[in-house]
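# Results of the structural survey
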Amino acid sequence: MTQEALQNGSHYVEPADVPLVDFRALTSPDTNRRRVAVALLDAAFREWGFVQLHNHGIGADKLHEAFQWAERFFMQPTATKELIAHPPSGDVDTNRGWARVGLGYTVHMEFDADKAAAIRQQNPDCKETLELGNPFDATLPPNPWLPEGTLPGFRGFLEGWWTDCAILAHDLYRCLGEALRIIMDQNDHDDYFNRIHSANDCHMTWNYYPAMSARALNVDGAKRLNAHTDFGSLTLVFQDAVGGLEVHDGHQFRPIMPVPGALIVNVGDMLEQLSNGRWRSSLHRVVAPAPLMLPPIQGVPGDDSHGLETKEEKMVVDRYSLVFFGVPNPNEVIAIAPGCETPGKWKPNMCGNWGTLTARQWIRKRLAMEF
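Residues numbered from 1 in each chain as written. Predicted model: local features only at pLDDT ≥ 70, side-chain atom pairs only at ≥ 80, totals over all residues. Heavy atoms only, no water.

### Remarks on empty space enclosed by the protein
Following the criterion strictly, the structure yields three cavities of 30 Å³ or more and no others. For the second largest cavity, the full set of lining residues is W145, L146, P147, E148, L151, F154 and R155. (1 Å grid on protein atoms, 1.4 Å probe; cavity = no way out; pocket = protein on both sides within 12 Å on 5 of 7 lines; lining within 4 Å. Points joined across faces, edges and corners; volume = space filled by probe spheres on them.)

### So, the pattern of salt bridges
Applying the stated criterion across every chain, the model contains 12 salt bridges. Linking D249 and R254 is a salt bridge whose minimum nitrogen-to-oxygen distance equals 2.7 Å. Classification of R254 by relative accessible area gives buried; the value is 18%. Linked by salt bridges that have partners in common, D42, R46 and R278 make up one network. (Salt bridge = Lys/Arg side-chain N within 4 Å of Asp/Glu carboxyl O. Buried < 20%, exposed > 50% of the residue type's maximum accessible area, 1.4 Å probe, protein only.)

### Observations regarding the packing of helix 3 (residues 31-47) against helix 7 (residues 154-179)
The N-to-C vectors of helix 3 and helix 7 enclose an angle of 90°; their axes lie 10 Å apart at closest approach. The orientation of helix 3 relative to helix 7 falls into the category roughly perpendicular. Between helix 3 and helix 7, the residues in contact are R34, V38, L41, D42 and F45 and C175, L176, E178 and A179, respectively. Residues that form the contact of helix 3 with helix 7 fall into these classes: six nonpolar, no polar and three charged. (Axes fitted to C-alpha atoms, helices over the stretch in contact; angles between N-to-C directions. Helix = DSSP H or I, 4+ residues; strand = E, 2+ residues; numbered from the N terminus. Parallel < 35°, antiparallel > 145°, perpendicular 65-115°, else oblique. Contact = heavy atoms within 4.5 Å. Nonpolar A, V, L, I, M, F, W, Y, C, P; charged D, E, K, R; others polar.)

### Re the side chain of Q273
Relative to the helices and strands, Q273 is located in helix 10 (residues 269-274). On the basis of relative accessibility, which here comes to 14%, the residue Q273 falls in the buried class. Discounting chain neighbours no more than four positions away, the residues touching Q273 are I334, A335, I336, P348, M350 and C351.

### Here we look at unusual backbone geometry
Most peptide bonds take the trans configuration, and most residues that are not glycine carry a negative phi. Positive phi, normally seen in glycine, also occurs at N200, with a value near 55°. Turning to its location among the elements, N200 is positioned in the loop between helix 8 (192-196) and strand 5 (203-209).

### Quick look at the sheet that holds strand 10 (residues 253-255)
The antiparallel open sheet is built from four strands, whose spatial order is 7-12-9-10. The strands lining the two open edges of the sheet, one partner per strand, are strand 7 (225-228) and strand 10. On average, adjacent strands in this sheet sit at an angle of 20° to one another, irrespective of strand direction. (Pairing = 2+ DSSP bridges.)

### A short note on the packing of helix 4 (residues 60-74) against helix 7
The N-to-C vectors of helix 4 and helix 7 enclose an angle of 135°; their axes lie 11 Å apart at closest approach. The orientation of helix 4 with respect to helix 7, classified from their angle, is oblique. Where helix 4 crosses over helix 7, the handedness of that crossing is left-handed. Mapping the contact onto sequence places K62, L63, E65, A66, W69 and F73 in helix 4 and F154, F157, W161 and D164 in helix 7. Taken together, the residues of the contact of helix 4 with helix 7 sort by class into seven nonpolar, no polar and three charged. (Left-handed = near helix turned anticlockwise from the far one by under 90°.)

Without other data, these values stay purely geometric and don't point to any function.
See below:
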């Protein structure tokens, strides 16, 4: 049940039928096995712009530890988190640190300052974030870090997590080339998508959605995260079991039900442009989670694992997601990739009257409206 259904008491909305693909098959040396998995990936990106992957190599213990670290960080006192406070501007070079609830606002494809300001007032995002860039490249703006004694081991874990996500992303870049038939030789490691992502100037965002009144989330305009498309090429998302992520199917938003341990991967604006509209950069958002649609058992209260009932009202519980945004090299011009000259069914988001943009120019253009 989507937020509109919760608010209006309307009919149940079927979850999005986002395919679950075996990552080990995508990277298998068995040509036939890999070809079948790549075709599933391609079909998912063409229809939904989303896919879920299992057997991706980050084990349950490591994933559990990551969410534990997220909770430990966001539960720190405000004064501690302010030691690495995100600047109030939306400059691409300062998009680092802890952003409190209300600092950033998701404004999708709106570049008029007055209209964006109105959206900020009417559609607030209800989340905190921790924003980080590549922690290993000294030529990039540095990340702010908490003093080691404040949260011992946190920086080391984040650096290791970044590495794990970057390795996953590069494996997936190769799959993109194979799906688009830009590369055909499994032994060719210098493929197109890995070349244009070689600088690893990517971004990591850890999200915390604090518990809040379900009634507050169901008023007009209120979202945990407003509807938007992502800026970059590929987005990797690990979400907890709470739910609330929804994707627009062209007619309505549908929930993406959490699969334990699975990785969500979605197409961003740049990849939609590179594929010439073959793959879809889909609108998505985070709202109140869908209640479990199970028949009641006689004598047992209805089960809803996503909320807490108080004497006064129902509460939506805390939610965490760990996101890694793949972004092409800063000076890479985001044009049609070789072999993608035939247009797909989607009109790329990056098409407009602002001309051809580099990856950095597009990130700067979109990010500037969000702070």
